[in-house]
Amino acid sequence: MGQPTIKDVAKLAGVSISTVSRVMNNSKPVSPEAKQKVLDAINKLDFKPNELARSLVMRKSNLIGVIVQDIGIEYMAQLIRGIEEIGRLYKYDMLLTSSYGQEEQINNSIDFLATKQVEGLVIIAEDVSDETLLKLRETRIPFILLDKYHSFKTLHTVRIDYETEQYRLVKHLFESGHKNVLFLNDSADNILNHAKKSGYEKACSELGKDIYYLECNGKTSNDGYEIGKEAIALCKENDISAVACYSDQLAIGFIDYCTDNAIHVPNDLSVAGFGDGSIASIYRPNLTTMAIPYYDIGAIAIRALIKRIRQEDDILTDDWIIDANLKLRESTKSLS
């Protein structure tokens, strides 16, 4: 006799194949008597179900595939933590793979995870191409895209409203008595930069303030340092007492320039960042910033995906907008 099958177990236990499957997968309630019969039959036949075959029959692997650009990027690690911890509550394990921003690697990862019978996919990227999106749809595996720089009209996601949050931060600076506020933005042409610039301009317009705006060559601390000379000159010429920066890193680089040039933050100049990475609360002076709740974004995204997998109510009938939190720290001060 060959290897026993699920059919043999069902026959010996005197129950249906679906009852055996329920016992093996603990998917639906089975009477104690029937469960015992199945367990006895499994033991008697020494039945060892092949995991892959079982998942093919049940179409249930309890695996979620997560494709991340780079786990070394701090906010991506926070997103993953939210996905993993909430996924575990729903009895899902996570298979993680990194793309390092390479489209070919994303596509290879999609193929790899599909062979692992994942029930859903989460893609965490800074920019996903239309070709990759097409490939995702072709797999027919439910997926959620957490893409920082892109907005797809036909796909809903979990995100913050960058325009609104930048507006809130700049408005706070004006309401703290600062007559003029400079905004240091990243020069890259993407949806995120446009949204933040728009939020800054909206706050200025609403309060009848002049717009003072500089573009940096990037969003790192080096870029913040390099714009320092031009930014300080602009501040001195226009009685600017506060600077809002695209990112925490940009703000820290700019503060470093100020320190090297005998400009005290916040006594001479208030400086605010955006994001609230771990460095924001370690650096001196501690950075005033908008804290993005990445863990919560990951947690809501995985909940939405699992509901799709289980064909329950879709909680992403539109983008799920989550609020950022204004963190007031030592790098800004009130003038009012």
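Quantities reported herein were computed from a predicted structural model and do not represent experimental measurements. (Residues numbered from 1 in each chain as written. Predicted model: local features only at pLDDT ≥ 70, side-chain atom pairs only at ≥ 80, totals over all residues. Heavy atoms only, no water.)

Within the protein chain, the secondary structure is distributed over 14 helices and twelve strands. By principal-axis analysis of the C-alpha atoms, the protein chain measures approximately 90 × 40 × 35 Å. Considering only residue pairs separated by 6 or more positions, the protein chain has 71% of its internal contacts joining residues 24 or more positions apart. When the accessible surface of the protein chain is split by element, carbon and sulfur atoms take 48% of a total near 17,000 Å². (Helix = DSSP H or I, 4+ residues; strand = E, 2+ residues; numbered from the N terminus. Contact = heavy atoms within 4.5 Å. Areas by Shrake-Rupley, 256 points an atom, 1.4 Å probe, with all protein chains shown as cover.)

Attention shifts here to the pairing of strand S8 (residues 242–245). Residue alternation in S8 divides its side chains into two sets, Ala242 and Ala244 and Val243 and Cys245, and both sets are buried. Relative to S8, strand S6 (residues 181–186) runs parallel, the two being bridged by four bridges. Within the sheet, the bridge partner assigned to Val181 lies in S8 and is Ala242. Direction of pairing for S8 relative to strand S9 (residues 270–272): parallel, over a ladder of three bridges. (Buried < 20%, exposed > 50% of the residue type's maximum accessible area, 1.4 Å probe, protein only. Pairing = 2+ DSSP bridges.)

Right, let's get into the layout of surface pockets. Where empty space is left becomes clear once a probe the size of a water molecule has been rolled over the atoms. The computed volume of the largest pocket comes to approximately 570 Å³. Lining the largest pocket we find 30 residues, and of these Asp147, Lys148, His150, Thr157 and Arg159 sit closest to its centre. Among the elements of the structure, helix H5 (74–89), strand S3 (120–125), strand S4 (143–147), strand S5 (158–159), helix H9 (191–206) and helix H14 (294–309) are those that each provide at least two residues to the lining of the largest pocket. No other element matches the five residues that S4 contributes to the lining of the largest pocket. Taken together, the residues of the lining of the largest pocket sort by class into 19 nonpolar, five polar and six charged. In this structure, the second largest pocket spans a volume of roughly 410 Å³. What lines the second largest pocket is a set of 23 residues, among which Tyr75, Lys148, Ser247, Gln249 and Tyr294 lie closest to the centre. Elements with a minimum of two residues in the lining of the second largest pocket: H5, H9 and helix H12 (248–260). Per-element accounting of the lining of the second largest pocket gives the leading share, three residues, to H5. Classifying every residue of the lining of the second largest pocket by side-chain character gives ten nonpolar, six polar and seven charged. (1 Å grid on protein atoms, 1.4 Å probe; cavity = no way out; pocket = protein on both sides within 12 Å on 5 of 7 lines; lining within 4 Å. Points joined across faces, edges and corners; volume = space filled by probe spheres on them. Nonpolar A, V, L, I, M, F, W, Y, C, P; charged D, E, K, R; others polar.)

Here we come to the sheet that holds strand S2 (residues 93–98). One open sheet accounts for four strands, arranged S2-S1-S3-S4; its pairing is parallel. Both edges of this open sheet fall to S2 and S4, since each of them pairs with a single strand only. On average, adjacent strands in this sheet sit at an angle of 15 degrees to one another, irrespective of strand direction. Running at roughly 160 degrees to S4, helix H7 (residues 130–139) makes contact with S3 and S4 of the sheet. Its contacts with the sheet place H14 against strand S1 (63–68), S3 and S4, and it is angled at close to 160 degrees to S4. (Axes fitted to C-alpha atoms, helices over the stretch in contact; angles between N-to-C directions.)

We now examine the side chain of Gln166. One can find Gln166 in helix H8 (residues 162–175). We classify Gln166 as buried; its relative accessible area is 0%. Setting aside residues no more than four positions away along its own chain, Gln166 makes contact with Phe183, Lys196, Gly199, Tyr200, Ala244 and Phe274.

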